[in-house]
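# Examining the three-dimensional arrangement
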Amino acid sequence: MSDCSKYIKTLHKSEAGYVAKHICDNTILLSFGNVFCTVSEKGFLNLELAFNDISNDIENRINDMIDGEKVILSTPVEYINLTFSKDEFYKVQDLVEQARLALEIEKHFSLS
């Protein structure tokens, strides 16, 4: 592991997972369920928008699956989608929202 791995700042952590910022290259690390990914800040903000769009119309976004009702979140990778129970969806949405607020606060104070 490189020295850069020491420069990871947790933005928010909950029972759903965590969101952190990699200080060396300003990427955002997301971990929830069995998902771990690294995205740009713009990608992270787009993810929050996707969660909000789905949340605003969640009753029409629920799909019957073999293992129960699931909310499906498409990814930019063809044929790979994330599925959540309604409860999981709201927990991950809250995780992402709280991390975005922490990111905004961090930016605000770094500009002062």
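That block above? That's the structure.
Below is a short write-up of the structure. This one's a predicted model, so the numbers in the text were calculated from it and none came from an experiment.

### Topic: the nonpolar core
Residues Val19, Leu30, Phe32, Phe44, Phe51 and Phe84 are the most contacted members of the largest nonpolar core, which totals 22 residues. If you list the elements that add at least two residues to this core, you get β3 (27–32), α1 (41–56), β6 (68–74), β7 (81–84) and α2 (86–111). Ranked by residue count, the leading element in this core is α2, at six residues. Setting aside anything within four residues of it in sequence, one finds Phe51 in contact with Leu73, Phe84, Phe89, Val92, Gln93 and Val96.

### Comments concerning the sheet that holds strand β4 (residues 35–39)
Hydrogen bonds between backbone atoms are what pair the strands of a sheet, whose relative direction is either parallel or antiparallel. Here we have four strands laid out as an open sheet, ordered β1-β2-β3-β4, and antiparallel in their pairing. Each edge of the open sheet is held by one strand with a lone partner, namely β1 (8–14) and β4. Recorded for the sheet is a direction-independent mean angle of 15 degrees between the axes of neighbouring strands. Against the sheet, α1 makes contact with β2 (17–22), β3 and β4, and its axis sits at roughly 45 degrees relative to β3, the strand it touches most.

### Considerations on the pairing of β4
Pairing geometry for β3 and β4, over five bridges, is antiparallel. Paired with Leu30 across the strands is Cys37, a residue of β4. Connecting β3 to the antiparallel partner β4 that follows it, the hairpin turn spans two residues, and Gly33 within it adopts a positive phi of roughly 55 degrees.

### Details of the environment of Asp94
Residue placement: Asp94 occurs in helix α2. Under the relative-accessibility criterion, Asp94 is labelled partly exposed at 37%. For the pair formed by Asp94 and Phe51, sequence separation is 43 residues and the distance between their alpha carbons is 9.4 Å.

### Description of the packing of aromatic side chains
On inspection of all chains with the given rule, the structure shows five aromatic pairs. Judged by centre distance (5.9 Å) and plane angle (35 degrees), the ring pair of Phe32 and Phe84 falls under tilted. Placement of the pair is Phe32 in strand β3 and Phe84 in strand β7, with a sequence separation of 52 residues. One aromatic cluster is present, built from ring pairs that chain together Phe32, Phe51, Phe84, Phe89 and Tyr90.

### Some details on the pairing of strand β5 (residues 62–65)
Of the pairings in the sheet, the one linking β5 to β6 comprises four bridges and is antiparallel in character. Pairing of Ile62 across the sheet is with Val71, part of β6. What sits between the antiparallel neighbours β5 and β6 is a turn of two residues.

### Thoughts on the sheet that holds β5
Ordered in space as β5-β6-β7, the three strands form an open sheet in which the pairing is antiparallel. The open sheet is flanked by β5 and β7, the only strands paired with a single partner. If you compare each strand with its neighbour and ignore which way they point, the axes differ by 45 degrees on average. Sheet strands in contact with α1 are β6 and β7, and its direction is about 140 degrees off that of β6.

What counts, and where the lines are drawn
Residue positions are given per chain, counted from 1 along the sequence in the order it is written. Predicted model: local features are reported for residues with pLDDT of at least 70 only, side-chain atom pairs are reported and counted for 80 or more only, and whole-chain, interface and lining totals are derived from all residues. Working from all heavy atoms in the structure, the side-chain values ignore hydrogens and water. Among buried residues, those of type Ala, Val, Leu, Ile, Met, Phe, Trp, Tyr and Cys that are joined through side-chain atoms within 4.5 Å constitute a nonpolar core. Buried means the residue's accessible area, taken with a 1.4 Å probe over protein chains only, is under 20% of the maximum for its type, while exposed means over 50%, and partly exposed covers the values in between. By the criteria applied, helices consist of DSSP H or I runs no shorter than four residues and strands consist of E runs no shorter than two, each listed in order from the N terminus. Pairs of residues are marked as contacts when any of their non-hydrogen atoms sit within 4.5 Å. One bridge is not enough; two strands pair if DSSP finds at least two bridges between them. Helix axes are fitted to C-alpha atoms over the stretch in contact, other axes to C-alpha atoms as well, and angles between N-to-C directions run from 0 to 180 degrees. In summary, the pairing rule links any two rings of Phe, Tyr or Trp, Trp by its six-membered ring, whose centres are within 6.5 Å, and it sorts them by plane angle into stacked for under 30 degrees, edge-to-face for over 60 and tilted for everything else.

Geometric descriptors of this kind do not, in isolation, establish any biological role.
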